[in-house]
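Chain by chain, the residues:
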Amino acid sequence: MIITLTDFQKRLGNRLQEGLPLCTQPFARIAESLGCAEAEVLQQTHGLKESGVIRRLSAFLNHRALGRASTLVTAHVPADRIDRVVAAVNALAGVSHNYLREHHYNLWFTLQESAADQITKTLRSLQEQLGVCFHSLPVTQVFKLDVRFDLERDDDALATHDSYDIPGMEPVVLQPEHKRLLHELQRGVAIAARPFHALCSPDRGEQDAVRLLAELKDLGVLRRIAAVMNYFKLGYTTNVLFAAEVPAESVVAAGQSFARFRTVSHCYERRIFEGWPYNLFAMLHARSPAQIERTIHEFTTTADVRSYCLLPTVAELKKQPVRHEFF
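Teacher, can you tell me more about the pairing of strand β3 (residues 95-101) here?
For β3, the buried fraction is high: 6 of the 7 residues fall into the buried class. Relative to strand β4 (residues 107-113), β3 runs antiparallel, the two being bridged by 4 bridges. Across the sheet, N98 pairs through a bridge with F109, a residue of β4. Turn length for the β3-β4 hairpin, with the two strands adjacent in sequence and antiparallel, is 5 residues. Where β3 lies against strand β11 (residues 307-319), 5 bridges are found, and the strand directions are antiparallel. Among the inter-strand pairings, R101 is bridged to a residue of β11, identified as T313.

Here you go:
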């Protein structure tokens, strides 16, 4: 069910997606920027959480900075085996997202492991167990990873922007105190006046916790602590995975061009496999199929695209963050 938001809730939702200020009272800082009282921000944020508009307040971590390997995996799964295959895939701790899509390759999921060779072993084990051929499409270039929904734009216009998130690709060295904080941060962040107080310990005060969070952000490990929205409840009911065949010499220009569209939340170059020539991937979210169509038309008529295919979402099978082990 789509939830109708007030103008204030839309402004608040946008602000919460940007990320909590890294200070002892982040909601007070947000209230100041919105011209209201902290109590109002807390009350309305609780309301958005209870209605399901906000799934959770969560730390957005850059798994590549943590030295983790990841890939997008696809497979053709016959209808009579879907339930068994989905259960086995969803049971993997490294799977955060799993979708059924409208295509010959109907199962698509993301997989994280400690290293690339571990991904190979995991997929080989799945293939032997289930008798299904899994294809790995690891990222070779990131053009955009910025899952935010503009709640204040109710029109269906074709909109672009020039500022979006591109996380770093290189792993960084973490100190033990960083690892301990990250371990605790994965429990989630409370909607409270002092949400980072929960990160305190006998040898770590509230100011220390905030300082460590800022250091992790500077290192590129912590992208932000922000609201994860339920886009279905916001009216973003059209969701499509777009895959295009782009010449290698044109892929950077094409990826950067496509990333500018607000309907695009993810945009990557990925490795191809035999029978699958599509190397540029993007995830699009919109309130109507017409908006998706306009975005794709604008992109494909201006970029060097040889061919493309659309993979609409049929069902969301799993969506939860991967829990990282730091010790």
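Please explain the packing of helix α4 (residues 82-90) against helix α5 (residues 116-130) as it appears in this structure.
Two quantities define a packed helix pair, namely the angle between the helix axes and the distance between the axes. Contact geometry for α4 and α5: axes closest at 11 Å, N-to-C directions at 150°. In terms of orientation, α4 and α5 fall into the roughly antiparallel class. Two packed elements cross with a definite hand, and for α4 against α5 that hand is right-handed. Taking contact as the criterion, the partners of R84, V85, A88 and V89 in α4 are, on α5, L126, Q129 and L130.

Honestly, the nonpolar core in this entry has me stumped. Any pointers?
Grouped burial of nonpolar side chains is what soluble globular proteins tend to show. Counting 45 residues, the largest nonpolar core has L182, L185 and I225 as its most contacted members. The set of elements that each furnish at least two residues to this core consists of α1 (7-18), α2 (26-34), α3 (38-50), β1 (54-61), α6 (176-185), α7 (206-219) and β7 (222-229). Looking at which element gives the most residues to this core, the answer is α7, with 5 residues. Apart from the residues lying within four places of it in its own chain, the contact partners of L185 are A59, L199, L213, L222 and I225. Counting residues in hydrophobic clusters, the runner-up holds 21 residues, among them V240, A254, V264 and L280.

Before we go on, may I ask you to explain the packing of aromatic side chains in this structure?
In this description, a pair of aromatic rings is defined by centroid distance and the angle of the planes. All chains considered together, the criterion is met by 16 aromatic pairs. Aromatic side chains W276 and F281 sit 6.3 Å apart centroid to centroid with 25° between the ring planes, which places their arrangement in the stacked category. For the pair formed by W276 and F281, the shared burial category is buried. Among the aromatic residues, ring-to-ring pairing joins Y105, W108, F273, W276, Y278 and F281 into one connected group. Above the face of the Y99 ring, R101 is positioned so that its terminal group lies 4.8 Å from the ring centre. The aromatic ring of F281 is capped on one face by R270, whose charged end is 5.9 Å from the ring centroid.

What is the right way to look at the environment of E40 in this model?
Take E40: it is sitting in helix α3. As for E40 and A28, which are separated by 12 residues in sequence, their C-alpha atoms are 9.8 Å apart.

Help me out: how do you make sense of the pattern of salt bridges in this one?
Pairing between side chains becomes possible if they bear opposite charge and their charged atoms approach one another. Applying the stated criterion to the full structure yields 7 salt bridges. Here E316 and R55 are joined by a salt bridge, their closest N and O atoms 3.7 Å apart. You can see E316 sitting in strand β11 and its partner R55 sitting in strand β1, a full 261 residues away along the chain. Residue R55 is classed as partly exposed on the basis of its relative accessible area, which comes to 24%. Note that D208 is salt-bridged to R211, the shortest N-O span being 3.9 Å. Of this pair, D208 and R211 both sit in helix α7, 3 residues apart, roughly one helical turn. On the basis of relative accessibility, which here comes to 31%, the residue D208 falls in the partly exposed class. It is possible to trace a salt-bridge network through shared partners that takes in D208, R211 and E215.

How do you make sense of helix α9 (residues 289-302) when you look at a structure like this?
In an α-helix, one full turn covers 3.6 residues, which means residues spaced three or four apart are oriented alike. Spanning 14 residues, α9 covers 20 Å between terminal C-alpha atoms, matching the ideal 20 Å at 1.5 Å per step. Every buried residue of α9 is listed here: Q291, I292, T295, I296, F299 and T300. Projection of α9 onto a plane perpendicular to its axis shows the buried side chains occupying an angular sector of 150°, all on one side. Every exposed residue of α9 that faces more than 90 degrees away from the buried side is listed here: E293, H297, T301 and T302. The inward-facing, buried residues of α9 abut β8 (238-245), α8 (251-259), β10 (280-286) and β11.

Before we go on, may I ask you to explain the pairing of β11 in this structure?
The side chains of a regular strand alternate between both faces of the sheet. Relative to β11, β8 runs antiparallel, the two sharing 6 bridges. Bridge assignment links V240 to a residue of β11, and that residue is P312.

I'm lost on the side chain of K318 in this one. Help?
Position of K318 relative to the elements: it lies in strand β11. Despite its burial, K318 remains without a salt bridge, the nearest opposite charge being carried by E113 at 11 Å. One polar contact links the side chain of K318 to the main-chain carbonyl oxygen of N90, over a distance of 2.8 Å. In terms of polar contacts, K318 uses its side chain to reach the backbone carbonyl oxygen of V95, at 2.9 Å. Setting aside chain neighbours within four positions, we find K318 in contact with N90, L92, V95, S96, H97 and N98.

Rules used throughout
- All chains use their own residue numbering, which begins from 1 and follows the written sequence.
- It should be noted that, the model being predicted, local features are given only for residues of pLDDT at least 70 and side-chain atom pairs only at 80 or more, the latter also being counted only at that level, while totals for whole chains, interfaces and linings use all residues.
- The side-chain values count all of the structure's non-hydrogen atoms but skip hydrogen atoms and water molecules.
- A 1.4 Å probe rolled over the protein chains alone gives each residue an accessible area, and that area as a share of the maximum for its type sets the label: buried under 20%, exposed over 50%, partly exposed in between.
- To qualify as a helix, a DSSP run of H or I must reach at least 4 residues; to qualify as a strand, a run of E must reach at least 2; elements of each kind are numbered from the N terminus.
- Strands pair, by our definition, only if DSSP identifies at least two bridges between them.
- For helices, the fitted axis covers only the stretch in contact; all axes are lines through C-alpha atoms, and the angles between them, taken along N-to-C directions, range from 0 to 180 degrees.
- Angles are sorted into four bins: roughly parallel if under 35 degrees, roughly antiparallel if over 145, roughly perpendicular if 65 to 115, and oblique for all others.
- When the near helix sits turned anticlockwise from the far one by under a right angle, the crossing is termed left-handed; a clockwise turn instead gives a right-handed crossing.
- Residue contacts follow a heavy-atom distance rule, with two residues in contact if any of their heavy atoms lie within 4.5 Å.
- Among buried residues, the Ala, Val, Leu, Ile, Met, Phe, Trp, Tyr and Cys ones that are joined through side-chain atoms within 4.5 Å form a nonpolar core.
- When two rings of Phe, Tyr or Trp (its six-membered ring) have centres within 6.5 Å they constitute a pair, described as stacked for plane angles under 30 degrees, edge-to-face for angles over 60, and tilted for the intermediate range.
- Counting as a charge over the ring demands two things of the Lys NZ or Arg CZ atom: a distance within 6 Å of the ring centre and an angle within 35 degrees of the ring normal.
- Here, a salt bridge means any Lys or Arg side-chain nitrogen found within 4 Å of an Asp or Glu carboxyl oxygen.
- Expected helix span is given by 1.5 Å per residue-to-residue step, counting one fewer step than there are residues.
- As used here, the arc is the angular range of directions from the helix axis to the C-beta atoms.
- Lys and Arg are tallied as positive, Asp and Glu as negative. Neither His nor the chain termini are counted.
- N or O atoms within 3.5 Å of each other form a polar contact, as long as, within protein, one can give a hydrogen and the other can take it, and as long as residues adjacent in sequence are counted only when both atoms are side-chain atoms.

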